[in-house]
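Residue-level listing of the chains:
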Amino acid sequence: MGKDVIIACDFSSAAETFAFLDKFKDESRKPFVKIGMELYYAEGPSIVREIKARGHKIFLDLKLHDIPNTVKKAMSVLSNLDVDMTNLHAAGTIDMMKAAIEGLTKPDGSRPILIAVTQLTSTSEERMQKELLINASINDTIVKYAQNTKAAGLDGVVCSPLEAGMVKEACGNGFITVTPGVRFADGEVGDQVRVTTPERAKEIGSDYIVVGRPITQAENPVAAYRRCVAEFVD
Ligand code: C5P
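Quick summary incoming for the structure in this document.

Conventions and cut-offs
Residues numbered from 1 in each chain as written. Predicted model: local features only at pLDDT ≥ 70, side-chain atom pairs only at ≥ 80, totals over all residues. Heavy atoms only, no water. Near = heavy atom within 4 Å. Polar contact = N/O pair within 3.5 Å; in protein donor to acceptor, adjacent residues only side chain to side chain. Areas by Shrake-Rupley, 256 points an atom, 1.4 Å probe, with all protein chains shown as cover. 1 Å grid on protein atoms, 1.4 Å probe; cavity = no way out; pocket = protein on both sides within 12 Å on 5 of 7 lines; lining within 4 Å. Sits in = over half its atoms within 2 Å of the grid points. Helix = DSSP H or I, 4+ residues; strand = E, 2+ residues; numbered from the N terminus. Nonpolar A, V, L, I, M, F, W, Y, C, P; charged D, E, K, R; others polar. Axes fitted to C-alpha atoms, helices over the stretch in contact; angles between N-to-C directions. Parallel < 35°, antiparallel > 145°, perpendicular 65-115°, else oblique. Left-handed = near helix turned anticlockwise from the far one by under 90°. Contact = heavy atoms within 4.5 Å. Points joined across faces, edges and corners; volume = space filled by probe spheres on them.

Moving on: the site of the ligand. Surveying the vicinity of the ligand reveals 13 residues, the closest of which are Asp10, Arg183, Gln192, Gly212 and Arg213. The separation between an oxygen atom of the ligand and a polar main-chain atom of Gly212 is 2.8 Å. Burial of the ligand by the protein chains amounts to 83% of its free accessible area of 470 Å². Here the ligand occupies the largest pocket. Put simply, the parts of the chain that give the shell around the ligand at least two residues each are β8 (208-211) and α10 (213-216). Of the residues belonging to the shell around the ligand, the class tally is five nonpolar, three polar and five charged.

Structural data, given as structure tokens:
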């Protein structure tokens, strides 16, 4: 499977996003781009079409979570956008995930990569146990949600790079791990807690790293992107 670096385009407008992507116009490798809720809710489906028209692969990160029928119908609408990867919450259950695949699959049988969020990296074990009344450990929960995701027929999960090894052990090497929480060894950590470097994420077995601020806020974003590719892909 091709490893890749996905840039999280966490901008609030199309103008800001295009000003950023313009910096990559002369790059031979077109960055894989993540569009999250902020940008999608600000600009709607047109932002997906426009970034796609520029030749970028797209991970549409909208994390769907609703009753199976609603998720199926929403995925069926999203399937018309021809993104390369999208996602949902594994907490919606296996039935919801199966319905999502049905909605996302085109008449010719093709569909984007579909991955699930297990437990958000912002959820601590303490809060999960006290507020959500989940008595298992956070690692057992992540593994169980990943196994549910696999049972539903999805392709993989979003997780911390530090969890990628245990997910691969439980679900097999072909099960995709998409991992945010990546920082350069000499960079700012910001609000992320469980972080690691692109190089270490590669060793642990991540398939895709999602990198936001270390690239978007860098003095030279193209150089920062190239450094991620050099550490993680090459
Ligand atoms: O700027 P930074 O590299 O921290 O950006 C990470 C991106 O990955 C953000 O878009 C964030 O919303 C997303 N993400 C995350 N942790 C998760 C799921 C998604 O950081 N568990």
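Now that the structure is up, let's keep going.
It is worth spelling out the packing of helix α4 (residues 68-79) against helix α5 (residues 93-104) at this point. Where α4 meets α5, the closest approach of the two axes is 7 Å, and the angle between their N-to-C directions is 30 degrees. The orientation of α4 relative to α5 falls into the category roughly parallel. Judged by the sense of rotation from one axis to the other, the crossing of α4 with α5 is right-handed. Within the contact between the two elements, α4 uses Pro68, Val71, Lys72, Met75, Ser76 and Ser79 and α5 uses Asp95, Met96, Ala99, Ala100, Glu102, Gly103 and Leu104. A per-class count over the contact of α4 with α5 returns seven nonpolar, three polar and three charged.

Once that is clear, we can look at the layout of surface pockets. If you add up the space inside the largest pocket, you get close to 760 Å³. Forming the boundary of the largest pocket are 31 residues, of which Lys34, Lys63, Thr121, Pro180 and Gln192 lie nearest the centre. Among the elements of the structure, β3 (58-64), β8 and α10 are those that each provide at least two residues to the lining of the largest pocket. A total of three residues in the lining of the largest pocket trace back to one element, the largest contributor, which is β3. Looking at side-chain class alone, the lining of the largest pocket contains twelve nonpolar, eleven polar and eight charged residues. When its volume is computed, the second largest pocket comes out at roughly 220 Å³. Lining the second largest pocket, in full, are Arg183, Phe184, Asp186, Gly187, Glu188, Val189, Gly190, Arg213, Pro214, Gln217, Ala218 and Arg227. Here the lining of the second largest pocket is built from residues that sort into four nonpolar, three polar and five charged.

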